[in-house]
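Geometric and topological summary
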Amino acid sequence: MTLIKTLAGCALALSLALPAVAQDPTPVGTWQTVSGESRFSVSYCGDGEQLCAKLTWLREDARTPENVALLNTLVVKGAQPTAENKWRGTVTYDGHTVSGSVTLKAPDRLQVTGCQFIACKKLEFVRV
């Protein structure tokens, strides 16, 4: 019986020592602006490769009438994949819907860029 317990303990120790299998990074999850004023739920939508994002939370000082109106609505809708870890589509920001892109910079870093005419704005996000 002691041999079985010893072998089981060794097997457990070896399995814990093995490195985790690396997974492809994904934008799916909850993201927060680096300044912490808002959070978004990002998911695949449409055909399963498109990207959508919903505004789910606002810090008290970010609760402007324009922002509150966007709570629990999609602010990125059906963005199409254009390259590895990059999607293009429409982004609703500050009351305007603009052409934009979503780029997964690292497993825990996301960048959203929106442009209207020649003016562009970049927002950085961290995974929560």
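What comes next concerns the included structure. In this text, all values refer to a predicted model and were calculated from it rather than measured experimentally.

Moving on: the state of the cysteines. A covalent bond bridging the sulfur atoms of two cysteines is what the word disulfide describes. A complete count under the given rule lists 2 disulfides for this structure. Two residues share a disulfide in this structure: Cys 45 and Cys 52, whose sulfurs sit 2.1 Å from each other. With the S-S bond torsion at 80°, the cross-link from Cys 45 to Cys 52 turns out right-handed. According to the relative accessible area criterion, Cys 45 is buried, its value standing at 16%. The disulfide bridge from Cys 115 ends at Cys 120, spanning 2.0 Å between sulfur atoms. Given an S-S torsion of about 110°, the disulfide between Cys 115 and Cys 120 has right-handed geometry. Classification of Cys 115 as partly exposed rests on a relative accessible area of 28%. Indicated for the protein chain is the disulfide connectivity 1-2, 3-4, based on numbering the bonded cysteines in sequence order.

What follows covers a positive patch on the surface. On the surface, a cluster of positive charge is contributed by Lys 86, Arg 88, Lys 105 and Lys 122. Topologically, Arg 88 is positioned in strand β5 (residues 86-93). The exposure class assigned to Arg 88 is partly exposed, which follows from its relative accessible area of 40%.

Along the chain, Gln 111 turns up in strand β7 (residues 109-116). On the basis of relative accessible area, Gln 111 is assigned to the buried category, the value being 11%. A polar contact of 3.4 Å, which involves the side chain of Gln 111, links it to the side chain of Thr 113. Every residue in contact with Gln 111, bar those within four places of it in the chain, is listed here: Ser 101, Val 102, Thr 103, Lys 105, Lys 122, Leu 123 and Glu 124.

Right, let's talk about the sheet that holds β7 for a bit. With respect to topology, 8 strands assemble into a closed barrel ordered β1-β2-β3-β4-β5-β6-β7-β8, the strand pairing being antiparallel. Averaged over all neighbouring strand pairs, the angle between strand axes comes to 30°, with direction disregarded.

What follows covers the packing of aromatic side chains. In this description, a pair of aromatic rings is defined by centroid distance and the angle of the planes. One pass over the structure, following the stated rule, counts 1 aromatic pair. Considering the side-chain rings of Phe 40 and Phe 125, the 5.4 Å spacing of their centres and the 90° angle between planes classify their relative orientation as edge-to-face. Here Phe 125 lies in strand β8 (residues 119-127) and Phe 40 lies in strand β2 (residues 38-45), a separation of 85 residues in the sequence. The pair Phe 40 / Phe 125 is uniform in exposure class, with both members buried. Lying across the ring of Trp 57, Arg 39 places its NZ or CZ 4.5 Å from the centre.

What counts and what doesn't
- Residues numbered from 1 in each chain as written.
- Predicted model: local features only at pLDDT ≥ 70, side-chain atom pairs only at ≥ 80, totals over all residues.
- Heavy atoms only, no water.
- Disulfide = S-S within 2.5 Å.
- Buried < 20%, exposed > 50% of the residue type's maximum accessible area, 1.4 Å probe, protein only.
- Patch = residues over 30% accessible without salt bridge, like charges linked within 9 Å, V, L, I, M, F, W, Y side chains within 5 Å.
- Areas by Shrake-Rupley, 256 points an atom, 1.4 Å probe, with all protein chains shown as cover.
- Salt bridge = Lys/Arg side-chain N within 4 Å of Asp/Glu carboxyl O.
- Lys, Arg positive; Asp, Glu negative; His and termini not counted.
- Charge placed at Lys NZ, Arg CZ, Asp CG, Glu CD.
- Helix = DSSP H or I, 4+ residues; strand = E, 2+ residues; numbered from the N terminus.
- Polar contact = N/O pair within 3.5 Å; in protein donor to acceptor, adjacent residues only side chain to side chain.
- Contact = heavy atoms within 4.5 Å.
- Pairing = 2+ DSSP bridges.
- Axes fitted to C-alpha atoms, helices over the stretch in contact; angles between N-to-C directions.
- Phe/Tyr/Trp six-rings, centres within 6.5 Å; stacked < 30°, edge-to-face > 60°.
- Lys NZ or Arg CZ within 6 Å of the ring centre and 35° of its normal.

These figures come from the coordinates and say nothing about function on their own.
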